[in-house]
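# Topology and contacts: notes
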Amino acid sequence: MPEIEEKSHRGGFGDLGGEERGLIGRSFRERIIAVGFVTEGKDEASVLLEVEELCRLINTAGADVVEIVIQKKASPDPATFVGKGKAREIYELAETLDVDTVVFNDELTPGQQFNLEKIFHRSALDRTAVILDIFAQNASTPEGKAQVELAQLQYRLPRLRGQGRNYSQQAGGIGTRGPGETKLEVDRRRLVRRVHKLERQLKAVGGHRKNQSKKRRHSYNQSVAIVGYTNAGKSTLLNLLADSDAVVADRLFATLDPLTRRIQLPGGESIFVTDTVGFVQKLPHQLVEAFKTTLDVVIEADLLLHIVDSSHASPETQILAVRRVLEEIGAAEIPEVLVFNKSDRSDPSELLMLYPDSVAISAYSETGIDKLLSAIADQLRVIWDVVELAIPFDKGEVLAQVHREGQVLMEKATEEGMLVQARLDSFSLSRLSPFLVSEGGRNGI
Ligand SMILES: Nc1nc2c(ncn2[C@@H]2O[C@H](COP(=O)(O)OP(=O)(O)OP(=O)(O)O)[C@@H](O)[C@H]2O)c(=O)[nH]1
Ligand SMILES: [Mg+2]
């Protein structure tokens, strides 16, 4: 890890494509200066980790970081974030290095962005804009695209002033005429209308998804959501558990749309497992808001599999970031199994001690999976009841239902019919209540 300097330093975070090129043979990838900010009382090492991740985000978005600038200051400047002097320095540097855009690790206010762009004579973006850009590039389904567009519009709306030069002239055309009407106002109105339209569309999709999830609930299978930091190996795990073909890639935010598959636990119970969008530090709230319908899958889950990349430099930071988002979407209370993945690349024993009841796996080399499945089963069983049912011989379909939806622990023929002891969840239980003899006890037998 490079030493933090007041001064800018070059190529501090490894091979991030920072080579200087002449115009001939120059790739058309955007050239970027990344800016980190250490305020008083903030841990420098964690800022450096964040900037390293920002460089990775920028790379994923398709641009090259050619310089990293770290500014230390007691508090951000309200007008220019880094301070006017530093901003001038960054401008000089951008000129020298033929840089296209300056990206800040922290969220800029619309005013700061406007002022910085005036000083830089080029775009000043923040981490949120980069993440939104990656999401926009990765969105492939209509729902994903709508969610990302909504987040982008909500990010851009308060920043329209930033493009004042283009928006100050009088506009023409239908709906644009009127006293004192400027293009800015027209654009704002158009964007607000678009936001409302997208919100309506997403609500409709959300309703459809809710119906599907209701259907799933009526099939009495419990549902498990795979959550975690981006690139932790969530999709790899789903593919392994369900023999599915979710997109796996060594890039950030490869998955945007949830994918649900049914799997069988070793005890025979069927459950639904859903792969979900990855989280990241400082995940833009506009995205969390726009992805609400997608994240419903998480909120409605009986259990969360929280996947952590144990080979990452700071798994604890990632765990905290994920838990923060879970809290934001109202999923903090859902029981969770913490899963340390990529154990083929690192020794997770310290983490296992630090987080009791966690499990270490490698989705890649397929180790620890049996343990993971029994941890899932154990956790789910806690919310299942063990009951005894008396099922008349002529109700074969009811007996089949018990076998399908629950775990049969004992079954014997009596004079009146079949006596069955089974582990069932509350949904099955409510349907089978006419056949209930007694409750064998909670939390297992
Ligand atoms: N060494 C190792 N690599 C793994 C393991 N699991 C996943 N990977 C790799 O990690 C990268 C990310 O895996 P994904 O399954 O796409 O991760 P994800 O959590 O779904 O990521 P996003 O959808 O982008 O949030 C891929 O290159 C995988 O091959 C593992 O157990 N060990
Ligand atoms: Mg994925």
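A brief look at the structure comes next. Computed from a prediction, not measured in an experiment: that's the story for all the values here.

Reading the values: rules and limits
Residues numbered from 1 in each chain as written. Chains lettered and ligands numbered in written order. Predicted model: local features only at pLDDT ≥ 70, side-chain atom pairs only at ≥ 80, totals over all residues. Helix = DSSP H or I, 4+ residues; strand = E, 2+ residues; numbered from the N terminus. Buried ≥ 20, exposed ≤ 12 C-beta atoms within 10 Å, placed from the backbone. Contact = placed C-beta atoms within 7 Å. Core = buried A, V, L, I, M, F, W, Y, C linked by C-beta atoms within 7 Å. Axes fitted to C-alpha atoms, helices over the stretch in contact; angles between N-to-C directions. Parallel < 35°, antiparallel > 145°, perpendicular 65-115°, else oblique. Left-handed = near helix turned anticlockwise from the far one by under 90°. Nonpolar A, V, L, I, M, F, W, Y, C, P; charged D, E, K, R; others polar. Pairing = 2+ DSSP bridges. Right-handed = clockwise from strand over helix to strand, strands pointing away.

Quick look at the overall build of the protein now. For the protein, the helix and strand inventory stands at 15 helices and 14 strands. The proportion of buried residues among the 445 residues of the protein is 37%. Across the protein, contacts joining residues at least 24 apart in sequence account for 68% of those joining residues at least 6 apart.

Quick look at the nonpolar core now. One finds I33, A34, V35, I58 and V103 to be the most contacted residues of the largest nonpolar core, which totals 100 residues. Once residues lying within four places of it in the same chain are set aside, the contact partners of V35 are V69, Q71, V82, I90, V102, V103, F104 and N105.

Close contact between helix α1 (residues 44-60) and helix α4 (residues 127-138) brings their axes to 9 Å; oriented N to C, the two are set at 40 degrees. With respect to α4, the axis of α1 lies oblique. For the pair α1 and α4, the sense of crossing is left-handed. Across the interface between the two elements, L54, L57, I58 and T60 from α1 touch R127, V130, I131 and I134 from α4. The residue makeup of the contact of α1 with α4, split by class, is six nonpolar, one polar and one charged.

Pairing analysis gives four bridges linking strand β3 (residues 101-104) to strand β4 (residues 123-126), with the strands arranged parallel. Following the sheet pairing, T101 is matched in β4 by S123. The handedness of the β3 to β4 crossover, carried by helix α3 (residues 110-120), is right-handed.

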